[in-house]
Amino acid sequence: MIYILQVDFPHDGIFGEEFSKAFVDLANDIACEDGLLWKIWTENKETKEAGGIYLFSNEFDAKRYLEKHTKRLESFGYKNIRAKIFSVNEPLSKITKASFLN
């Protein structure tokens, strides 16, 4: 079974290209996480939110990473971090074009 980790938090800072340039080192670090299959970075300038959707190969690594990432975000000064872990319903996801399951 695979797992989705959804994380978002208030972000009153840079967005878009500036955000991409500022966090390239963090992206490279995250890419090396055990069990991580991929991450989609999310941002909403209008609502001043940022975060990500992560796909993990197992629940253990998703939970471990969530704990690590929450501490890291808090060390950056972020508060009100929201996170959820979901198991992926693979049969239905395949029908609706979840290409990571092919």
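Since we're looking at a predicted model, the values are computed, not measured.

Visitor: Just checking my understanding: could you explain the overall build of the protein for this structure?
Guide: A count of helical and extended segments in the protein gives four helices and four strands. Starting at the N terminus and walking to the C terminus, you meet the elements of the protein as β-α-α-β-β-α-β-α. Taken over C-alpha atoms, the radius of gyration comes to 14 Å for the protein, in line with the 13 Å a tight globule of 102 residues would show. Overall size of the protein, expressed as C-alpha extent along the three principal axes, is 40 × 25 × 25 Å. Long-range contacts, defined here as pairs at least 24 residues apart, represent 67% of the contacts in the protein between residues at least 6 apart. Split by element, the accessible area of the protein, about 6,700 Å² in all, is 54% carbon and sulfur. Computed over 14 positive and 16 negative side-chain charges, the separation of the two mean positions in the protein equals 3 Å.

Calculation rules
- Residues numbered from 1 in each chain as written.
- Predicted model: local features only at pLDDT ≥ 70, side-chain atom pairs only at ≥ 80, totals over all residues.
- Heavy atoms only, no water.
- Helix = DSSP H or I, 4+ residues; strand = E, 2+ residues; numbered from the N terminus.
- Rg over C-alpha atoms; globule rule 2.2 N^0.38 Å.
- Contact = heavy atoms within 4.5 Å.
- Areas by Shrake-Rupley, 256 points an atom, 1.4 Å probe, with all protein chains shown as cover.
- Lys, Arg positive; Asp, Glu negative; His and termini not counted.
- Charge placed at Lys NZ, Arg CZ, Asp CG, Glu CD.

These figures capture arrangement, not role.
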